[in-house]
Each structure stands twice: as C-alpha cells, then as structure tokens.
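# Tertiary structure, described
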Amino acid sequence: MKPPPFQYHDPKTLAEAVGLLGTLDNAKLLAGGQSLMPMLNMRFVLPDHVIDLNLVEGMAGIKETDGVLEIGAMTRQRELEFSDLVAAKCPLLHQALMHVGHRQTRNRGTIGGSLCHLDPAAELVTVCMAHDATIAVAGPGGTREIAFADFPAGYLTPAIELNEIVTAIRIPVWPAGHKAAFIEFSRRHGDFAIVSAAALLQIDGGRITRASLTIGGVAVAPVRATEVEQAIVGQAPTSELFAKVCESCRSFEAMADIHASAEYRQHLAVVLARRALEKAADLADNAPWNRAH
Ligand SMILES: Cc1cc2nc3c(=O)[nH]c(=O)nc-3n(C[C@H](O)[C@H](O)[C@H](O)COP(=O)(O)OP(=O)(O)OC[C@H]3O[C@@H](n4cnc5c(N)ncnc54)[C@H](O)[C@@H]3O)c2cc1C
C-alpha cells in the first residue's frame with residue numbers, strides 16, 4: 001500500500017521544526033521512518049503534513065558528561081550499536097540493541113523514534129525505564145525534561161504535547177564494574193519481544209548494593225519490579241534468592257493479545273526476571289537464552 005497524500009517539510013534547524021510543528025495542523029514528525037512509514041502505508045495515521053527531522057542539525061550524537069550519557073534523539077540505533085562509549089558506559093543499552101529489529105532497520109531507526117513510538121515491548125523503552133533516563137523536549141515555550149517513569153502516557157502514547165519534539169535522552173551511568181543483562185522472549189530473533197527483562201546490579205564485597213529490574217512487554221509500558229529490587233539489596237546473589245523473589249512478578253497487571261495471554265506474560269515475567277538477574281550476577285549457565293546472538 002502507499003501512504004495517503006501529505007505535504008512534506010524538511011526544516012534545517014530545531015527552531016524551524018518546532019515552528020512548523022506548532023503552526024501546521026495535523027502534522028507528524030518523521031525520524032527513521034521504521035514505524036511511521038508502515039503506519040502511513042497501513043493508513044493507521046493520516047497526517048496532512050510530515051516534518052522530516054533528518055536534515056535538522058545537532059539532533060544526533062553521543063557524549064558523556066558528569067556521569068550522564070547524552071544521546072541525541074536522531075542518533076541511529078546502528079550508531080549506538082557500534083559506539084565504544086555506549087558499550088563501556090551503558091552495557092545494558094548495548095545488549096538490548098542486539099535485539100532491536102534487524103541491521104537494516106537499525107541503520108535508519110533512531111532512539112528518539114523508538115521511544116516516541118513507545119511500543120510496549122520496544123527494547124530501548126525498557127532500557128530507559130531501567131536506567132531512570134530523562135527525556136529532553138523542545139516546544140514553542142522552550143525546553144523541558146521528563147523523567148522516563150512519567151514518559152509513557154498510555155498505549156503507543158508518549159507524554160509530550162503535539163507541538164513538542166524530543167531532542168535528547170539522558171541516561172545516568174552506573175559505576176564502572178556494574179553488571180547488566182538484557183534478555184527477551186520473542187517468536188523469532190529480530191521480532192519485538194513478547195516479554196523482556198533488563199537487570200542492573202552493583203555487587204560489592206559479595207553483596208548486592210544496588211539493583212534495578214524492569215520487565216517490558218507485560219503492560220502498555222515497562223514495569224519496574226521494585227519489590228524484587230528492594231528484596232535483593234543487601235543480599236548475596238544466589239539463584240535460590242532470585243527464584244524466590246521473582247515470584248512477585250506474577251502479580252503484574254498483564255495485557256493479552258494474539259501473541260500471548262495475560263497469564264503467559266505473567267509467567268514469562270517471573271522466568272525472565274530470574275534469568276536476567278542470574279545472568280547479570282554471572283550465575284547463568286550456558287543455556288541458549290544466555291548466549292549472545
Ligand atoms: C521489520 C521491523 C522490525 C522491527 N523490530 C523491532 C524490534 O524488535 N524492537 C523495536 O524496539 N523496534 C523494532 N522495530 C521498530 C524500529 O525500532 C523503529 O526504528 C522505531 O520504532 C521507530 O524509530 P524511527 O526512528 O524509525 O521513528 P519513526 O518511524 O520515524 O517515528 C516513530 C514515531 O515517533 C515520532 N517521532 C520520531 N522522532 C520524534 C521526535 N524526535 N520527537 C517526537 N516524536 C518523534 C514519529 O512522529 C512517529 O510517530 C522494527 C521495525 C521494522 C520495520
């Protein structure tokens with residue numbers, strides 16, 4: 001199918017893009033097009049105007065300042081995949097990228113586009129939730145920051161105004177030597193996850209001193225397993241401990257669709273939570289789900 005007719009705009013500056021978005025009726029931003037183009041072709045979205053961000057200067061790049069990884073919204077997923085800075089400072093993001101679509105989609109797809117599309121099972125959304133990221137947006141009234149926990153407003157709906165553009169993602173980096181594991185269950189490699197789990201652990205003197213565990217794909221937005229996080233801090237990392245505390249993930253409110261029932265998603269949440277923690281704590285064996293793709 002072909003997309004519906006629309007007027008195309010290619011601003012060169014952020015101010016120009018914000019101006020167009022604020023004045024044109026029924027406009028849609030175009031980043032990598034890997035979700036928007038299928039949505040246009042299937043006529044799920046019918047914009048009168050498409051504003052292309054690809055020529056806007058200064059919206060891509062990766063840098064670290066004062067322990068925060070700052071990533072421009074238009075940074076391609078493939079650039080993140082090959083970034084030594086990302087691999088060294090944010091191994092969870094590096095691992096998760098290996099599950100995002102295919103190299104062809106990662107060549108065009110951007111981090112900002114993935115977060116704004118906000119698929120419940122999108123890997124980068126889960127990583128941002130796990131890392132307590134902050135989203136920077138620009139609009140007619142200036143700029144503002146949104147804590148990632150407040151970013152999902154509903155199914156496929158980010159908490160930004162119609163006239164706002166996401167400009168950057170800020171990810172607080174965990175201390176050197178922290179452990180990270182991202183795993184997911186999907187029908188085929190490269191598909192969106194049905195359920196995923198992202199674990200971050202800091203282990204000092206044989207005890208967990210800090211923990212973050214996030215489950216993606218269960219609800220409309222990734223859920224932090226705070227009960228598990230609190231239960232494991234101060235404990236020695238063991239498979240028995242993780243198996244016991246991860247049972248609490250079965251009580252997550254879960255959605256059902258043609259891919260999986262709510263009960264199956266809850267079951268996957270329990271299993272993947274445990275496996276992610278085991279993998280992060282180097283307790284995992286050589287089971288298929290623990291091998292790198
Ligand atoms: C075959 C295939 C397989 C895929 N598999 C996966 C997968 O396994 N996991 C996964 O996570 N994704 C997957 N994707 C989606 C892919 O990751 C997309 O790149 C991503 O969802 C959207 O990013 P994009 O840059 O292409 O954004 P676009 O498609 O251009 O835009 C997506 C949405 O975000 C809005 N938007 C874009 N940028 C901004 C901005 N800066 N500010 C405000 N709004 C903005 C757009 O208006 C649009 O509504 C797959 C895609 C394909 C085609």
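As a convention, each chain's residues are numbered from 1 in the sequence order in which they are written. Local features are withheld for residues below a pLDDT of 70 in this predicted model, meaning they are given only at 70 or higher, and side-chain atom pairs are given and counted only at 80 or more; totals for whole chains, interfaces and linings count all residues. Values shown for side chains rest on all heavy atoms present in the structure; no hydrogens or waters enter the calculation.

## Considering helix α8 (residues 123-130)
- For every residue, the accessible area obtained with a 1.4 Å probe (protein chains only) is divided by the maximum for its type, and the residue is called buried under 20%, exposed over 50%, and partly exposed between those limits. In this description a helix means any DSSP run of H or I spanning at least four residues, a strand means any run of E spanning at least two, and both kinds are numbered starting from the N terminus. In terms of burial, α8 is a largely internal element, eight of the eight residues being buried.
- Within α8, the full set of buried residues consists of E123, L124, V125, T126, V127, C128, M129 and A130.
- Where α8 terminates, the next one or two residues include D132, which has phi positive at roughly 50 degrees.

## Considerations on the sheet that holds strand β5 (residues 68-72)
- Overall, antiparallel pairing links the five strands, which are arranged β4-β5-β10-β6-β7 in an open sheet. The outermost strands of the open sheet, each flanked by one partner alone, are β4 (62-65) and β7 (142-147). Between one strand and the next, the sheet's axes are offset by a mean angle of 25 degrees, whatever the strand orientation.
- Whether two residues are in contact is decided by their heavy atoms, any of which lying within 4.5 Å being enough. Helix axes are fitted to C-alpha atoms over the stretch in contact, other axes to C-alpha atoms as well, and angles between N-to-C directions run from 0 to 180 degrees. Against the sheet, helix α1 (residues 14-23) contacts β6 (134-139) and β10 (165-172), and its axis sits at roughly 125 degrees relative to β10. Think of it this way: DSSP has to see at least two bridges between two strands before they count as a pair.

## With respect to the domain arrangement of the chain
- What fixes the domain bounds is an automatic or database domain assignment. One can read the domain layout of the chain as domain 1 (7-52), domain 2 (62-172) and domain 3 (179-283).
- Distance from the C-alpha centre of domain 1 to the C-alpha centre of domain 3: 36 Å.

## A look at the sheet that holds strand β13 (residues 207-216)
- An order of β11-β12-β13-β14 is seen for the four strands of this open sheet, with the pairing classed as antiparallel. The open sheet terminates on both sides in strands that have one partner only, identified here as β11 (179-185) and β14 (223-224).
- Across nine bridges, the pairing between strand β12 (residues 195-204) and β13 is antiparallel. Its bridge partner lying in β13, A199 is registered against L213.

## Some remarks on the site of the ligand
- Here a residue is near a molecule or strand as soon as one of its heavy atoms is found within 4 Å of it. Residues in contact with the ligand amount to 29 residues; listed here are only the nearest, L29, S35, L36, T110 and E123.
- Residues adjacent in sequence count toward polar contacts only when both atoms are side-chain atoms; beyond that, a polar contact is any pair of N or O atoms within 3.5 Å, and within protein one must be able to donate a hydrogen and the other to accept it. One of the backbone N or O atoms of Q34 is found 2.7 Å from an oxygen atom in the ligand.
- Method for areas: the Shrake-Rupley scheme with a 1.4 Å probe, in which residue coverage is limited to the protein chains shown. Relative to its unbound accessible area of 970 Å², the ligand is 88% covered by the protein chains.
- Where the shell around the ligand is concerned, the elements lending two or more residues are β2 (27-30), α7 (111-117) and β10.
- Tallying contributions element by element places α7 first for the shell around the ligand, with four residues.
- Residues that form the shell around the ligand fall into these classes: 12 nonpolar, 14 polar and three charged. Each residue is assigned to one class: nonpolar for Ala, Val, Leu, Ile, Met, Phe, Trp, Tyr, Cys and Pro, charged for Asp, Glu, Lys and Arg, and polar for all the others, Gly among them.

## Here's the deal with the environment of M255
- Of note, M255 is situated in the loop between α10 (239-245) and α11 (262-280).
- Looking at M255, the relative accessible area reads 22%, which means it is partly exposed.
- Along the backbone, M255 and A138 are 117 residues apart, and their C-alpha atoms lie at a distance of 33 Å.
- Discounting residues that sit within four places of it in the chain, M255 has contacts with P120, G217, V218, A219, V220, A260, S261, A262 and R265.

## Quick word on the pairing of β10
- The buried count for β10 comes to six of eight residues, which makes it a mostly enclosed element.
- Note that β5 and β10 share five bridges and pair antiparallel. The residue of β10 that forms the bridge with G72 is A168.
- For β6 and β10, the ladder comprises five bridges, and the chain directions are antiparallel. When the sheet's bridge partners are listed, I135 is paired in β10 with I169.

## Quick notes on the packing of aromatic side chains
- Pairs were defined over the aromatic rings of Phe, Tyr and Trp, the Trp ring being its six-membered one, requiring ring centres within 6.5 Å. Orientation was assigned from the angle between planes: stacked under 30 degrees, edge-to-face over 60, tilted for the rest. Considering all chains together, one arrives at two aromatic pairs under this definition.
- Between F185 and Y264, the ring centres sit 6.3 Å apart and the planes meet at 85 degrees, which makes this aromatic pair edge-to-face. Taken together, the residues span a long stretch of sequence, with F185 in strand β11 and Y264 in helix α11 at a distance of 79 residues.
- Accessibility expressed as a relative area gives 29% for F185, which makes it partly exposed.
- Given the relative accessible area of 33%, Y264 is considered partly exposed.
- Charges are assigned to positions over rings by a cutoff of 6 Å between ring centre and Lys NZ or Arg CZ, combined with an angular limit of 35 degrees from the ring normal. For the cation-ring pair, R210 lies above W174, with the distance from its terminal atom to the ring centre recorded as 3.8 Å.

## As for the side chain of R76
- Positionally, R76 belongs in the loop between β5 and α3 (77-81).
- Just so you know, the count uses Lys and Arg for positive and Asp and Glu for negative, and it drops His and the chain ends. When a carboxyl oxygen of Asp or Glu is within 4 Å of a side-chain nitrogen of Lys or Arg, the pair counts as a salt bridge. E79 is the oppositely charged side chain nearest to the buried, salt-bridge-free R76, at an N-O distance of 6.7 Å.
- Once residues within four sequence positions are removed from consideration, R76 is found in contact with A31, G32, N54, R106, N107, R108, G109 and T110.

## Overview of the environment of F185
- Along the primary structure F185 and N54 are separated by 131 residues, whereas in three dimensions their C-alpha atoms are 32 Å apart.
- When neighbours within four sequence positions are excluded, F185 is seen to be in contact with A193, I194, V195, Y264, L268 and L272.

## Overview of the nonpolar core
- Ranked by size, the top nonpolar core spans 48 residues in total, and within it L93, L115, I135, F148 and I169 carry the most contacts.
- With near-sequence residues (within four places) excluded, I169 lies in contact with L69, E70, I71, A73, I111, G112, L115, C128, A133, T134 and I135.
- Listed in part, the 31 residues of the second largest apolar core include A197, I215, A225 and V228. Residues belong to one nonpolar core when they are buried, are Ala, Val, Leu, Ile, Met, Phe, Trp, Tyr or Cys, and are joined through side-chain atoms within 4.5 Å.

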